[in-house]
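Topology and contacts: notes
Residues per chain are reported as follows:
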Amino acid sequence: LALYNNLSALPMGKALFSKSLCLKAPYFASIKPLISELRPGYGEVKIRRRRPVLNHLGTVHAIAMCNMAELAGGTMTDVSIPLTHRWIPKGMEVEYLKKAETDLTAVATAELPSQWPKAGNFIANVDILDTQGQAVARMAITMWVSEKARRQQTA
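Now for a quick tour of the structure. All values derive from a computational prediction rather than experimental measurement.

**Observations regarding the environment of Arg48**
Within the element layout of this structure, Arg48 appears in the loop between strand E2 (42-47) and helix H3 (62-80). When its relative accessible area of 57% is taken as the criterion, Arg48 is described as exposed. For the pair Arg48 and Leu34, spaced 14 residues apart in sequence, the C-alpha separation works out to 9.2 Å. Here Asp103 takes part through its side chain, which lies 3.3 Å from a polar atom of the side chain of Arg48.

What follows is the structure, given as structure tokens:
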């Protein structure tokens, strides 16, 4: 989160942060995401409607939307959990609401517990919005959050 906040203050800082994240997790580069907002309990990822993310109907492909939802939910989870914990996606419920015919924004939100358990499920809710602010898809991503091993906590 500190890196995001520091880079965000610079010209093209959000783009630089987004590209470096794609170096760490290369699959996300396929959608060319821009992480536009990030804080505990909230994250936004934007993608442009461009040929590589389209399906045979000329709309944004369902899996491109799932990809951006996982990135938004994952980065939001990462900055929300304590440094003593780690996370991994466990499952995703997906609901497609209408054709995705424009650039898109994934908005991830979650209710943060007042105290984190040693381990448990954490739900990242993600709405995929078109340029008019209309929801085109909705996802609920279950993240398994658990304490890191003691040796990982000091690293």
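Continuing now.
**Quick word on the pairing of E2**
Counting buried positions over the 6 residues of E2 gives 5, a clear majority of the element. The pairing of strand E1 (residues 34-39) with E2 spans 5 bridges and is antiparallel. When the bridges of E2 are listed, Leu34 appears paired with Lys46. Where E1 hands over to E2, the hairpin turn is made up of 2 residues, of which Gly41 adopts a positive phi near 85 degrees. Bridge count for E2 against strand E4 (residues 104-109) is 6 bridges, and the pairing is antiparallel. Opposite Gly43, over in E4, you have Ala108 as the bridge partner.

Calculation notes
- Residues numbered from 1 in each chain as written.
- Predicted model: local features only at pLDDT ≥ 70, side-chain atom pairs only at ≥ 80, totals over all residues.
- Heavy atoms only, no water.
- Helix = DSSP H or I, 4+ residues; strand = E, 2+ residues; numbered from the N terminus.
- Buried < 20%, exposed > 50% of the residue type's maximum accessible area, 1.4 Å probe, protein only.
- Polar contact = N/O pair within 3.5 Å; in protein donor to acceptor, adjacent residues only side chain to side chain.
- Pairing = 2+ DSSP bridges.

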